[in-house]
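Letter by letter, the chains look like this.
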Amino acid sequence: GPGLKVISTLSVGFDHLALDEIKKRGIRVGYTPDVLTDATAELSVALLLSACRRLPEAAEQVKSGGWTTWKPLWMCGYGLSDSTVGIIGLGRIGQAVARRLKPFGVRKFLYTGSGPKPESAAEFGAEFVPLTRLAEESDFVLVTCALTPATQGMCNKDFFGRMKKTSVFVNTSRGAVVNQEDLYNALASGQIAAAGLDVTTPEPLPTDHPLLSLKNCVILPHIGSATYATRSTMAVLAANNLLAGLRGEPMPHELKL
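Calculation criteria
- Residues numbered from 1 in each chain as written.
- Predicted model: local features only at pLDDT ≥ 70, side-chain atom pairs only at ≥ 80, totals over all residues.
- Heavy atoms only, no water.
- Helix = DSSP H or I, 4+ residues; strand = E, 2+ residues; numbered from the N terminus.
- Expected span 1.5 Å × (residues − 1).
- Buried < 20%, exposed > 50% of the residue type's maximum accessible area, 1.4 Å probe, protein only.
- Arc of directions from axis to C-beta.
- Pairing = 2+ DSSP bridges.
- Contact = heavy atoms within 4.5 Å.
- Axes fitted to C-alpha atoms, helices over the stretch in contact; angles between N-to-C directions.
- Core = buried A, V, L, I, M, F, W, Y, C linked by side-chain atoms within 4.5 Å.
- Domains from an automatic or database assignment.
- Buried area = accessible area lost by both parts, 1.4 Å probe.
- Salt bridge = Lys/Arg side-chain N within 4 Å of Asp/Glu carboxyl O.
- Polar contact = N/O pair within 3.5 Å; in protein donor to acceptor, adjacent residues only side chain to side chain.
- Nonpolar A, V, L, I, M, F, W, Y, C, P; charged D, E, K, R; others polar.

A.B. asks: Help me out: how do you make sense of helix H9 (residues 228-247) in this one?
C.D. replies: Because the α-helix completes a turn every 3.6 residues, residues three or four places apart line up on one side. Between its first and last C-alpha, H9 extends 29 Å over 20 residues, near the 28 Å set by a 1.5 Å rise per residue. Looking only at H9, the buried set comprises Thr230, Met234, Leu237, Ala238, Asn241, Ala244 and Gly245. Burial along H9 is one-sided: seen end-on, the buried residues are contained in an arc of 135°. Set apart from the buried face of H9 by more than 90 degrees, the exposed residues are Tyr228, Ala229, Leu246 and Arg247. Remark: Gly248 follows H9 within two positions and exhibits a positive phi of approximately 75°.

This is the structure we're talking about:
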């Protein structure tokens, strides 16, 4: 409405806001970065391990009676030790993911984004590369960037076509960064080994969506920041942002438009 002065969003993403209109009308926006970084990074690692070690598929086999005599290659997946990990968007969450994956014995980190971040990358010895090279060389690809016009549909047929047949793709950013039809085709044809998604288009994903028919795709209901402690902290920060905005004071976390 015309009287809107302040928006406070319970998220780190702001792709759901009409920023041009908001800026034009001088509306202030509060958001909740930082406080959800650790929870989202933990979930990203959990989703990566679930996809690459086929955990949901394996758990289902126990329930369905598929677990019989021992077979050497049954339920085999891919490990992080001595691997190359590509991170799309080495921001707060991307760095927190890399920090957690490093002790797994990852051999090399690659990253891509709008530009190199030498200070952030130094901690992991991460190399800034073009998106095409990240796709070609990574054993594991993690998407942790913001959704912008530049990143929309970035992970598409060309991208998946460059990935190794043994590679695993994980997205915990926003569903629209991925062309889901292209991802489905890549997974169904064995172009890539597996995928883990915490975000989709739309959300919730319809239960008859083709991606849900695939054994090699783990899909979660956008629970990146869903720990009790994190959601509680987010709520307090969102309330404080709103109150400060209404008082005309500096917000604890204001989006600079």
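Next, the rest of the story.
A.B. asks: Quick question: what am I supposed to make of the sheet that holds strand E3 (residues 84-88) here?
C.D. replies: Backbone hydrogen bonds hold the strands of a sheet together, and the pairing may be parallel or antiparallel. Spatially, seven strands are ordered E5-E4-E3-E6-E7-E8-E9 in an open sheet, and the strand pairing comes out parallel. The strands lining the two open edges of the sheet, one partner per strand, are strand E5 (127-128) and strand E9 (217-219). Where strand E7 (residues 168-171) and strand E8 (residues 194-197) come together, four bridges link them in parallel fashion. Looking at the pairing, Val170 lines up with Gly196 of E8. Packed onto the sheet, helix H4 (residues 92-101) meets E3, strand E4 (108-112) and strand E6 (140-143) and runs at close to 165° relative to E3. Taken strand by strand, helix H8 (residues 180-188) contacts E7, E8 and E9, and its axis lies near 145° from that of E8.

A.B. asks: Which parts of the structure should I look at to understand the nonpolar core?
C.D. replies: Nonpolar side chains in soluble globular proteins tend to end up buried together. Ranked by size, the top nonpolar core spans 30 residues in total, and within it Leu48, Val85, Leu101, Phe109 and Val168 carry the most contacts. Breaking this core down by element, the ones donating at least two residues are helix H2 (37-52), E3, H4, E4, E6 and E7. Top element by residues in this core is H2. It accounts for six residues. In this structure, Leu48 is in contact with Leu80, Leu101, Phe140, Leu142, Val168 and Val170, ignoring residues within four places of it in sequence. Membership of the second largest hydrophobic core comes to 25 residues, among which are Val143, Met154, Phe160 and Ile192.

A.B. asks: Please clarify how the domain arrangement of the protein chain should be interpreted in this entry.
C.D. replies: A common way to express how large an interface is: the accessible area buried when the components associate. Each assigned domain of the protein chain is listed here: domain 1 (6-31 + 227-255) and domain 2 (37-63 + 78-219). Using only C-alpha atoms to locate each centre, domain 1 and domain 2 end up separated by 28 Å. Each side of the interface is counted separately: domain 1 has six residues, and domain 2 has five residues. In total, about 450 Å² of surface goes out of reach between domain 1 and domain 2, with carbon and sulfur atoms giving 54% of it. There are one salt bridge connecting domain 1 and domain 2. Salt-bridge contacts for Arg174 lead to Asp15; the nearest nitrogen and oxygen are separated by 2.9 Å. Here domain 1 is connected to domain 2 by one residue pair in polar contact (both at pLDDT 80 or more). Tallied by class, residues from the side of domain 1 that touches domain 2 come to two nonpolar, three polar and one charged.

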